[in-house]
Amino acid sequence: MVYVQFMASEHFRFKRNHFMGFLFHDAISNKLELDSHLQKPQVEASHYVICDKSPRLSHNTIEFDKNLEEAELAIYYFFNNKFDEAKSIVLSHANTSMYHSMGQAVFSFLEAILTFERAHILQAGDELQSCLDICQKYRRKNTISESIGKKIKRTAYYTLSDMEAHAELCMAEALLLKALLIFAEDESLTTLIKGGVKIRHCYNIYKECTLTLSNREWQSQISKVHFESGVRMGMGTFNLMISLLPASVIKLLQFIGFSGDREAGLEDLNRGYQTPGLRQVLCAVTLLGYHLIVCYILGHQEGDLVLCDDILQTQLQKYPHGAWFLFFKGRLEFMRGNLGSAEYWYKMSWRSQNVWPQFHHLSFWELLWINCLKVDWREASLYASYLVESSKWSPTIYSYQKAAIMLMLPNLTHNESQIIDTLMTTAPTYKQRIAGKSLPMEKFVCKKTERYFCQGKWLCLPAVELMYVWNTFKVLSKQHNVADGIYQIIERTFNQLKNTKTQCSYDADNIALCLLLRGAFYRQMKKNSLAIKDLKACIALKNAVKDDKYIIPFANLEAGLIYADENQVDLAINTLEEIK
């Protein structure tokens, strides 16, 4: 999987809160609201009626319970690929109900993220703003004294109605989605600041919701269950995401009020998954994404495959045709090393729906690497072609990946060579920036396309290198017959490089890459002595490597992990420290 993937200022009524302090603006805005209603009779909070030009909003508890039931049904339809039925439900009251409006906004948001088309991004922004406006109408309206008082003392959570509490929760979710959408819409530093401020506001609301959950009497137990699942999902996801950031970034975020505790995040998500509320399925998806994707791409430890198997058995009974859970089932089998079974489930996910063909790209990506592991370069290049032709996430990466896989084909035709040349030439032209930053992998690709032409239209093991960079080597230890095919390719290329009589300015880079890949392969096969020998030989080329500077620290990383596995703690720590 990600991605993850932090609008125009007039869209937010409370935009000044972000930079001038919250106290002054809250007090003034609430005073205006108070003045406009001074002549109205007092009513209970749960039956508060908004009187303006927008549609009349009912705070009737029975109607709210019905809205929750319809939202639950819409989620059931959505995860069973019955998108038209789900849309029909959320559109019915999207202008008056916070949960219907949220459902419509989520549909638009997913379409925007899947397509990356500006029209869809703008539409999603409008839908999310509409959702925020509706949530704002249902939120508790404080008097001036309450606005000032809550800055210096704890909020009286018991005074909130169930609906007002849910309005806060939906507000946080919509703010988070809008902040994420900002990064897809623009790439400037200003955008990064705006998105960050919105995320901070969202995080603060979630913290307030956590206190609301445990500090009030609920009018409806059903309402509480749905609220709790949302709080667990929100706080759990925040804690988990922040904990994955570098330590230096976490320290900065803690300074401005964020915190990230991985264990607390996973505990919240597990409790949310055990709570039969609206966001239970979202907790399940987040847990699956973490254990099956994040752990393997961003780390060197296994995810909890037993938990994932348990979740998938339950969810596939409930959503047997759901593209999301069919995809995760494929990912589970992939991480177990069952390539044939993984291929089956990915194709099931791909063929389960055609409403959002962009979702097929996730399966194409996985099927690409499965076929690379099987050394079926023709089949792998087919899926690489699908991504180049139809996905807009990163044309730079997709173009290079297709070229890299085609370079592994034996006996290239003249037409195939021309296709590779074109892909290598055009890949850098698609380079993009997200929140003002270039993507590291795209910068890596641009260097490799330069090398291709500098080395006379040749690269050393380009597809195998990508498999290593994307952490696909982890599967090799679970499928030895597949591993042998990859090993033979590395060994053959390495011997050719050692025996070649012509010299190239990138010879050290290419030999170091072969040593790194073979050493990493040996580590996965638990042949530690052979691995250390290759990795040390790779590290010894430190001063000779011209361009591929990443190879040396990665070789140290592999060696450090071997020392850790052998319980040579001090040596492991020293080796890993040297990488910095």
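Our structure is the block above this text.
In this text, all values refer to a predicted model and were calculated from it rather than measured experimentally.

Criteria and cut-off values
Residues numbered from 1 in each chain as written. Predicted model: local features only at pLDDT ≥ 70, side-chain atom pairs only at ≥ 80, totals over all residues. Heavy atoms only, no water. Axes fitted to C-alpha atoms, helices over the stretch in contact; angles between N-to-C directions. Helix = DSSP H or I, 4+ residues; strand = E, 2+ residues; numbered from the N terminus. Parallel < 35°, antiparallel > 145°, perpendicular 65-115°, else oblique. Left-handed = near helix turned anticlockwise from the far one by under 90°. Contact = heavy atoms within 4.5 Å. 1 Å grid on protein atoms, 1.4 Å probe; cavity = no way out; pocket = protein on both sides within 12 Å on 5 of 7 lines; lining within 4 Å. Points joined across faces, edges and corners; volume = space filled by probe spheres on them. Domains from an automatic or database assignment. Nonpolar A, V, L, I, M, F, W, Y, C, P; charged D, E, K, R; others polar. Buried < 20%, exposed > 50% of the residue type's maximum accessible area, 1.4 Å probe, protein only. Phe/Tyr/Trp six-rings, centres within 6.5 Å; stacked < 30°, edge-to-face > 60°. Lys NZ or Arg CZ within 6 Å of the ring centre and 35° of its normal. Patch = residues over 30% accessible without salt bridge, like charges linked within 9 Å, V, L, I, M, F, W, Y side chains within 5 Å. Areas by Shrake-Rupley, 256 points an atom, 1.4 Å probe, with all protein chains shown as cover. Salt bridge = Lys/Arg side-chain N within 4 Å of Asp/Glu carboxyl O. Lys, Arg positive; Asp, Glu negative; His and termini not counted. Charge placed at Lys NZ, Arg CZ, Asp CG, Glu CD. Core = buried A, V, L, I, M, F, W, Y, C linked by side-chain atoms within 4.5 Å.

Draft legend 1. Quick look at the packing of helix α5 (residues 98-115) against helix α6 (residues 118-138). Put simply, α5 and α6 touch, their axes get as near as 8 Å, and they point 160 degrees apart. With respect to each other, α5 and α6 are oriented roughly antiparallel. In the packing of α5 onto α6, the handedness of the crossing is left-handed. Touching M98, S101, M102, Q104, A105, S108, F109, E111, A112 and T115 of α5 are H120, I121, Q123, A124, E127, L128, S130, C131, I134, C135 and Y138, all from α6.

Draft legend 2. How the structure looks around empty space enclosed by the protein. Quantified by volume, the largest cavity comes out at close to 120 Å³. Every residue lining the largest cavity is listed: Y296, I297, R331, F334, M335, W365, E366, W369, W470, N471, T472 and V475. Breaking the lining of the largest cavity down by element, the ones donating at least two residues are α13 (280-298), α15 (323-336) and α17 (360-373). For the lining of the largest cavity, the two domains that each supply at least three residues are domain 1 (304-375) and domain 2 (460-579). Its volume calculated, the second largest cavity comes out at about 70 Å³. For the second largest cavity, the full set of lining residues is H300, Y468, N471, F473, K474, A520, R523, Q524 and E558. Looking at the lining of the second largest cavity, the element that brings in the most residues is helix α24 (residues 507-524), giving three residues. The residue makeup of the lining of the second largest cavity, split by class, is three nonpolar, three polar and three charged.

Draft legend 3. Seen up close, unusual backbone geometry. One non-glycine residue with positive phi stands out, namely N411, at about 55 degrees. Along the chain, the position of N411 falls in the loop between α19 (395-406) and α20 (414-426). Despite not being glycine, L461 shows a phi value in the positive range, around 45 degrees. Mapped onto the elements, L461 comes out in the loop between α21 (440-454) and α22 (462-469). By relative accessible area, which is 4% here, L461 ends up buried.

Draft legend 4. Geometry of the packing of aromatic side chains. Tallied over the full model, the rule gives 36 aromatic pairs. Considering the side-chain rings of W350 and F364, the 4.9 Å spacing of their centres and the 85 degrees angle between planes classify their relative orientation as edge-to-face. You can see W350 sitting in helix α16 (residues 339-351) and its partner F364 sitting in helix α17, a full 14 residues away along the chain. With a relative accessible area of 18%, W350 lands in the buried category. Note on F364: relative accessible area 7%, which makes it buried. Consider the rings of Y452 and F453, whose centres lie 4.9 Å apart with planes at 75 degrees: the pair is edge-to-face. F453 gets classed as partly exposed once you look at its relative accessible area, which sits at 36%. Put simply, the rings of Y76, Y77, F78, F79, F83, F107, Y319, F325 and W356 pair up and form one aromatic cluster. Taking NZ or CZ as reference, K498 lies 4.7 Å from the ring centre of F494, over its face. Of note, K546 hangs over the ring of Y506, and the distance from its end group to the ring centre comes to 4.6 Å.

Draft legend 5. Main features of a nonpolar patch on the surface. Together, L244, I297 and L298 line one region of the surface with nonpolar side chains, adding up to about 260 Å² of accessible area. Its location among the elements puts L244 in the loop between α10 (221-243) and α11 (247-255). A relative accessible area of 33% means that L244 is categorised as partly exposed.

Draft legend 6. Up close: α22. Counting buried positions along α22 yields seven of eight residues, so the element is predominantly enclosed. Those residues of α22 that sit buried are P462, A463, V464, E465, L466, M467 and Y468. Phi turns positive one or two residues past the end of α22, at N471, with a value near 65 degrees.

Draft legend 7. Focus on a positive patch on the surface. A grouping of K431, R433, K437, K443 and K447 is seen on the molecular surface, where their side chains present a positively charged patch. By the secondary structure assignment, K437 is in strand β2 (residues 437-438).

Draft legend 8. A look at the nonpolar core. Membership of the largest hydrophobic core comes to 169 residues, with the highest contact counts inside it found for M98 and F334. Per element, the largest residue contribution to this core is 14 residues, and it comes from helix α8 (residues 162-185). Composition of this core by domain shows at least three residues from each of domain 1 (304-375) and domain 2 (460-579).

Draft legend 9. Just the side chain of R451, in detail. Along the chain, R451 turns up in helix α21. Aside from chain neighbours lying at most four places away, what touches R451 is W458, L459, Y506, D509, N510, D547 and D548.

Draft legend 10. The pattern of salt bridges, seen in detail. Evaluated as defined, the whole model comprises 23 salt bridges. Of the charged contacts, one joins K580 and E577 as a salt bridge, the two residues approaching to 3.6 Å between their closest N and O atoms. Overall, the relative accessible area of 81% leaves K580 in the exposed class. In this structure E577 comes out as partly exposed when scored by relative accessible area, which is 44%. A single network of salt bridges, built from pairs that share partners, joins K448, R451, E465, D509 and D548.

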